[in-house]
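The residues making up each chain are set out below.
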Amino acid sequence: MKAIRRFTVRTVLPEQLQPLHELALNLRWSWHPETRELFRSVDPEVWAAVGEDPVRLLGEVPAARLAALAADRRFLRRLGDLHDDLRDYLAGPRWYQSAPPVGEAGSPLPEAIAYFSPEYGIAAALPQYSGGLGILAGDHLKAASDLGVPIIGVGLFYRHGYFRQSLDRDGWQQERYPLLDPDELAVSLLREEDGSPCRVDLALPAGRTLGARIWKAQVGRVPLLLLDSDIESNAPADRDVTDRLYGGGSEHRLLQEMLLGIGGVRAVRTYCRLTGHRAPEVFHTNEGHAGFLGVERIRELVAPAEQGGRGLDFGAALEAVRAGTVFTTHTPVPAGIDRFDRDLVARHFGGDAALAGVPVDRVLALGAESWHGGDPKLFNMAAMGLRLAQRANGVSTLHGEVSRSMFNGLWPGFDSAEVPIGSITNGVHAPTWIDPAVVRLGAGQIGAERADEAITTGEARRWTGIERIGDEEIWEVRRTLRAQLVEEARRRLRTSWRQRGAGDAELGWTSGVLDPDVLTIGFARRVPSYKRLTLMLRDRARLRALLLDPQRPVQIVVAGKAHPADDGGKRLIQQLVAFADDPAVRHRIVFLPDYDMAMAKHLYPGCDVWLNNPLRPLEACGTSGMKAALNGCLNLSILDGWWDEWFDGRNGWAIPTADVSGPERVDPDSPEAERRDDIEAAALYDLIEHQVAARFYDRGADGLPHRWISMVRHTLVTLGPKVLAGRMVREYVERLYAPAAAAQRALAAGSGGTDHAGARELAEWKARVREAWPAVRVEHVEAEGCREAQELGSALELRVQVSLGALEPADVEVQVVSGRVDESDRISDAAVLALKPAGGPDLEGRHRYEGPLALDRTGPFGYTVRVLPTHRLLASPAEPGLVAAPVESGGMDAGVLR
């Protein structure tokens, strides 16, 4: 019979064991080996059965065992020490508390930062993630905790999380969505002082209200607030708004993103009110899903003082919000951006659903695809994110370049290199992803305390000494980790085949799958077409030859999930599974279903080589290879994402990229794409056979592959400090959070008793400049001494006349832009020099600017001039999106010298 109601019955812990509850509810246990070992010792069998989840462990361990532990003085001493260690970790000063002020003005660091993401990969025991975006967000919070950065995380609580994956007999992906019980998770309800659950409410069309309660997960020092719409006061459809990650239709997704952004800001305000936590000075939007947080913050500022607002007009509120907002894009293609029907957005921000003081037309303008080729019927979440953030970044150097090109239309008149989108390369949280055996290997050389600092902070100086680790020690650890992966893969493979309908009598062969002494290649990620799961299958005969080579065999472990609605991705998995099912090769290649954090912690350390072969440049960063590198695994990858940035020829191998351009580059069915895949697959086979396998099996007289081990050591020493989330979060603090906080303070500052005088000033200035800009013109450019051929080291004296209309010289900067020119006279590698005003306006009101242009490079050389608006409160000269150039130049290609 089926139960009509389900609930959790929790064990009552003896008083002596109460600290176990506090340790279990702080997710620091997920990256703290000593705490995990303490929980394992409570009951090793139950610990394994509950998937190494402390909350479930404490709910299922027998009462007799708890009574025995309560009388075990040795266990109680360990418990007390770890409880004290957690409290010291939570309260003691860390990097952030002693970090110096940033910038020339020595601006103090932000008092708090709110970090919004649609998903978080904190631990397998809290399944609120689907892939790289969520894992990155989880690593960001964990690294912030280790560094003491005062972040508040904000997300949604999905009752079904992401799906669990299995295969049917034919290798077709099957999905199931187990219901998550919050009482069995490391979360607690945020409650008002009277004990009632806190809630936030959003007005919806037709008089509906979407309510949500707030679960709090404690991630070390960082609170993570998760909004849950599954409450009785909501209509049935609205209860399902937070049912699962990336599910449902367009309106369902819009409601999720409204709840995340608007409801998330309200949840932060509630949390700060109840706990006394400092209010965030900076809001960080991790991808466009949470972009509506800026709209809610505008509503707060335009509200009258009697309602707790500041009474600003929309323009001033927009500038105040932009100053304190950071937007990170993870998307390298327009198709990856959330876009909604404009009328759908209008319906949810107009009429009785409108936010007070926020006109629906202003909301729609924030997401408008106003550039050439944009769709006027769509609302673009990334465009809104960029318009609402004064600072933005991509997640690798190459992705920053791609993003500047992709979003160039938001800054018309500027070359893509000048688009104000920077880059901070992602990192990974080493304490989560590095195997304890690798930590012990390093600690043996540099000491446990320095090893802990090295993997937490991400500074190269702390890694000094790792290069002294001996070859034999490295190889022994690598073989041990490989053997652990082999055992885990066999276990998971048997489980998978049982789910596919096989009986135990059919599965004897699984005990011989993989070999702990064979070169092991790993490939695990989501399965969209651009990641090319099946590139390795382009020439199946050659792949078989590599797998079955009698002297230098290769084995491959593959994992990955396709989106439930992506039948193309499911077909790719089915093709790979069909190949791996072949009895001739199934001992050398396996597909492991249900890729998640628990599986990943075995995969990354256990592989010798991590394979990544996306379509360049469609991999924004690709952090799985970073996690592998931290464990001494070498990368074999297309030069994309982070690998394009940090491959040095000694830390792995680069797969050559075929030269395919235009739409064919991303169309998998085009003839050009077929040719590209054939070329790159052939290059991959050649690398594996002639370089990777050759080096792995090249053994010295002592049986060790010394040249391979040298590459492993080099990887640990050089990539270790770079790939860390600690390094990444420090860069966010120094390059984005601190400047954003300083800008926010400048705009919030009062003047003459006027609140937010800076925001009002900037908004009024922008409005005045936009109105006057059509009259701004470059009238005349004169270059004294200009000849067709110039000598290196000489200079031109430039005189420029400009009309400013109603603007003053203080409102603009006149620049000369120079550099090498191509055959069409387009300037590349441009240098920018500001010209100086020379006297007042002439009789026709024109202003003259002068300055020398040094000719400091040889070859075809050119220059142009332009006028840009300038103001002390701008973060970038391109921020207003206005530029005036000589009419005859049509852009940056005037004044060519050859």
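Residues numbered from 1 in each chain as written. Predicted model: local features only at pLDDT ≥ 70, side-chain atom pairs only at ≥ 80, totals over all residues. Heavy atoms only, no water.

Peer 1: Is there a simple way to think about the overall build of the protein chain in this case?
Peer 2: Helix and strand counts for the protein chain stand at 29 helices and 28 strands. Relative to its length of 898 residues, the protein chain is compact, with a C-alpha radius of gyration of 29 Å against a globular reference of 29 Å. Structurally, the protein chain occupies a C-alpha span of about 95 × 70 × 50 Å along its principal axes. A burial count over the protein chain gives 57% of its 898 residues as buried. Counting only contacts in the protein chain whose residues sit at least 6 apart along the sequence, the fraction spanning at least 24 positions is 72%. Accessible surface for the protein chain amounts to roughly 36100 Å². Of this, 50% is attributable to carbon and sulfur atoms. Across the protein chain, the mean location of the 105 positive side-chain charges is 4 Å away from that of the 123 negative side-chain charges. (Helix = DSSP H or I, 4+ residues; strand = E, 2+ residues; numbered from the N terminus. Rg over C-alpha atoms; globule rule 2.2 N^0.38 Å. Buried < 20%, exposed > 50% of the residue type's maximum accessible area, 1.4 Å probe, protein only. Contact = heavy atoms within 4.5 Å. Areas by Shrake-Rupley, 256 points an atom, 1.4 Å probe, with all protein chains shown as cover. Lys, Arg positive; Asp, Glu negative; His and termini not counted. Charge placed at Lys NZ, Arg CZ, Asp CG, Glu CD.)

Peer 1: For this particular structure, what's the right way to read the nonpolar core?
Peer 2: Here is a general trend for soluble globular proteins: nonpolar side chains tend to be buried in one another's company. Core analysis: the largest hydrophobic core is formed by 105 residues, its most contacted members being Leu 519, Met 536, Ile 556, Leu 603, Leu 636 and Trp 708. The element contributing the most residues to this core is helix H20 (residues 471-499), with nine residues. In this structure, Leu 636 is in contact with Val 609, Trp 610, Leu 611, Asn 612, Trp 653, Ile 655, Leu 684, Leu 687, Ile 688 and Val 692, ignoring residues within four places of it in sequence. Formed by 94 residues, the second largest nonpolar core is a distinct cluster that contains Val 154, Val 363, Ala 772 and Leu 855. (Core = buried A, V, L, I, M, F, W, Y, C linked by side-chain atoms within 4.5 Å.)

Peer 1: What exactly am I supposed to notice about helix H22 (residues 567-580) here?
Peer 2: Residues three or four positions apart in an α-helix share a direction because the helix packs 3.6 residues into each turn. Between its first and last C-alpha, H22 extends 20 Å over 14 residues, near the 20 Å set by a 1.5 Å rise per residue. Residues Gly 569, Lys 570, Leu 572, Ile 573, Leu 576, Val 577, Phe 579 and Ala 580 constitute the buried set of H22. Structurally, H22 contributes buried residues whose contacts are with strand S3 (164-167), strand S4 (173-176), helix H21 (540-547), strand S16 (554-559) and strand S17 (589-592). Measuring from the side-chain oxygen of the N-cap residue of H22 to the backbone nitrogen of Gly 568 gives 3.2 Å; that N-cap residue is Asp 566. (Expected span 1.5 Å × (residues − 1). Polar contact = N/O pair within 3.5 Å; in protein donor to acceptor, adjacent residues only side chain to side chain.)

Peer 1: Can you walk me through the side chain of Glu 281 in this structure?
Peer 2: As for its position among the elements, Glu 281 is in the loop between helix H10 (250-275) and strand S9 (282-286). A polar contact is formed between the side chain of Glu 281 and the side chain of Arg 745, at a distance of 2.7 Å. Dropping the residues within four chain positions of it, Glu 281 is found in contact with Leu 109, Pro 110, Glu 111, Ala 112, Gly 324, Ala 741, Gln 744 and Arg 745.

Peer 1: Hey, could you run me through the confidence of the model for the protein chain in this one?
Peer 2: Caution applies to low-pLDDT regions: their predicted coordinates should not be interpreted in detail. Looking at the protein chain as a whole, the pLDDT averages 92, with 95% of positions reaching at least 70. Scored below 50 in pLDDT, residues 889-898 makes 42 contacts in the model with residues more than four places away or belonging to other chains. (pLDDT = per-residue confidence, 0-100.)

Peer 1: Sorry, what's going on with helix H12 (residues 314-323) here?
Peer 2: Among the ten residues of H12, nine are classified as buried, and the element is accordingly described as predominantly covered. For H12, every residue scored as buried is listed here: Phe 314, Ala 316, Ala 317, Leu 318, Glu 319, Ala 320, Val 321, Arg 322 and Ala 323. For H12, the N-terminal capping position is held by Asp 313, with its side-chain oxygen 3.2 Å away from the main-chain nitrogen of Gly 315.

Peer 1: Which parts of the structure should I look at to understand a positive patch on the surface?
Peer 2: Taken together, the side chains of Arg 73, Arg 74, Arg 77 and Arg 78 make up a positively charged region of the molecular surface. Among the secondary structure elements, Arg 77 is positioned in helix H6 (residues 73-91). (Patch = residues over 30% accessible without salt bridge, like charges linked within 9 Å, V, L, I, M, F, W, Y side chains within 5 Å. Salt bridge = Lys/Arg side-chain N within 4 Å of Asp/Glu carboxyl O.)

Peer 1: Please clarify how the packing of helix H2 (residues 33-42) against H6 should be interpreted in this entry.
Peer 2: Helix-helix packing is characterised by the crossing angle of the two axes and by the distance between the axes. The N-to-C vectors of H2 and H6 enclose an angle of 150°; their axes lie 11 Å apart at closest approach. Taken together, the axes of H2 and H6 lie roughly antiparallel to each other. With respect to the hand of their crossing, H2 and H6 are arranged in left-handed fashion. Contacts between H2 and H6 involve Glu 34, Thr 35, Glu 37, Leu 38, Ser 41 and Val 42 from the former and Phe 75, Arg 78, Leu 79 and Leu 82 from the latter. Across the contact of H2 with H6, the residue classes break down as five nonpolar, two polar and three charged. (Axes fitted to C-alpha atoms, helices over the stretch in contact; angles between N-to-C directions. Parallel < 35°, antiparallel > 145°, perpendicular 65-115°, else oblique. Left-handed = near helix turned anticlockwise from the far one by under 90°. Nonpolar A, V, L, I, M, F, W, Y, C, P; charged D, E, K, R; others polar.)

Peer 1: I tried to follow the side chain of Arg 322 on my own but got confused; where do I start?
Peer 2: In this fold, Arg 322 is placed in helix H12. Relative accessible area serves as the criterion here: at 9%, Arg 322 is assigned to the buried category. In terms of polar contacts, Arg 322 uses its side chain to reach the side chain of Glu 879, at 2.8 Å.

Peer 1: Looking at this structure, I do not really get the packing of aromatic side chains. What am I missing?
Peer 2: When we look at a pair of aromatic rings, we describe it by the centre distance and by the angle of the planes. Following the criterion strictly, the structure yields 20 aromatic pairs and no others. Measuring from ring centre to ring centre gives 5.7 Å for Trp 433 and Tyr 604, while their planes differ by 80°; the resulting arrangement is edge-to-face. With Trp 433 in helix H17 (residues 430-433) and Tyr 604 in helix H23 (residues 597-606), the pair connects residues that are 171 residues apart, well separated along the chain. Its relative accessible area of 3% is what places Trp 433 among the buried residues. (Phe/Tyr/Trp six-rings, centres within 6.5 Å; stacked < 30°, edge-to-face > 60°.)

Peer 1: Quick question: what am I supposed to make of unusual backbone geometry here?
Peer 2: Trans is the common state for peptide bonds, and a negative phi is the common state for residues other than glycine. Cis geometry marks the peptide bond from Arg 616 to Pro 617, where omega comes out at 5°. With respect to the helices and strands, Pro 617 occurs in the loop between strand S18 (609-612) and helix H24 (624-630). Phi is positive for Tyr 246, close to 55°, though the residue is something other than glycine. Looking at the secondary structure, you find Tyr 246 in the loop between helix H9 (236-239) and H10. Residue Asp 594 is not a glycine yet carries a positive backbone phi of 65°. Residue position: Asp 594 is located in the loop between S17 and H23. With a relative accessible area of 9%, Asp 594 lands in the buried category.

Peer 1: Explanation requested: the pairing of strand S10 (residues 325-328) in the structure shown.
Peer 2: Neither face of S10 is open: one carries Thr 325 and Phe 327, the other Val 326 and Thr 328, and all of them are buried. Across four bridges, the pairing between S9 and S10 is parallel. Its bridge partner being in S10, Phe 283 is matched across the sheet by Thr 325. Across three bridges, S10 lies against strand S13 (residues 391-394) in parallel orientation. In the strand pairing of S13, Val 326 is matched with Arg 391. (Pairing = 2+ DSSP bridges.)

Peer 1: What is the right way to read the state of the cysteines from this model?
Peer 2: Such a bond, covalent and formed between the sulfur atoms of two cysteines, is termed a disulfide. Counted by the stated rule, this structure contains zero disulfides. In this structure Cys 621 is not part of a disulfide, and its nearest cysteine sulfur, from Cys 633, lies 16 Å away. Take Cys 633: it sits in no disulfide, and the sulfur closest to it among the cysteines is that of Cys 607, at 5.7 Å. (Disulfide = S-S within 2.5 Å.)

Peer 1: When you look at the sheet that holds strand S25 (residues 836-837) in this model, what are you seeing that I'm missing?
Peer 2: Within a beta sheet, neighbouring strands are joined by backbone hydrogen bonds and run either parallel or antiparallel to one another. Read from one edge to the other, the open sheet built from four strands follows the order S21-S22-S26-S25, with strand pairing classed as antiparallel. The open sheet has two free edges, formed respectively by strand S21 (777-784) and S25, since each of these has just one partner strand. Here S21 runs beside strand S22 (residues 795-803); their pairing, made up of seven bridges, is antiparallel. Bridge pairing in S22 places Glu 784 opposite Glu 797.

Peer 1: Would you take a moment to explain the environment of Arg 482 for this structure?
Peer 2: Along the polypeptide, Arg 482 turns up in helix H20. Residues Arg 482 and Val 729, spaced 247 residues apart in sequence, show a C-alpha to C-alpha distance of 31 Å. Excluding residues that lie within four positions of it along the chain, Arg 482 makes contacts with Trp 475, Asp 515, Pro 516, Asp 517, Val 518, Thr 520, Gly 606, Asp 608 and Phe 696. Reaching out from Arg 482, the side chain makes a polar contact with the backbone oxygen of Pro 516 at a distance of 2.6 Å.

Peer 1: Hey, could you run me through the pairing of S22 in this one?
Peer 2: In summary, the side chains of a regular strand alternate between the two faces of the sheet. Looking at chain direction, S22 and strand S26 (residues 846-854) are connected through nine bridges and run antiparallel. Counterpart to Val 800 in the pairing with S26 is Tyr 849.

Peer 1: Help me out: how do you make sense of the pattern of salt bridges in this one?
Peer 2: Note that side chains of opposite charge can pair when their charged atoms are close. Taken as a whole, this structure holds 61 salt bridges when the rule is applied. Salt-bridge contacts for Asp 594 lead to Lys 561; the nearest nitrogen and oxygen are separated by 3.4 Å. Of the two residues, Asp 594 is situated in the loop between S17 and H23 and Lys 561 in the loop between S16 and H22; the sequence distance between them amounts to 33 residues. Grouping residues by exposure puts Asp 594 and Lys 561 together as buried. Counted as one network, the salt bridges with shared partners bring together Arg 159, Arg 213, Asp 228, Asp 230 and Arg 239.

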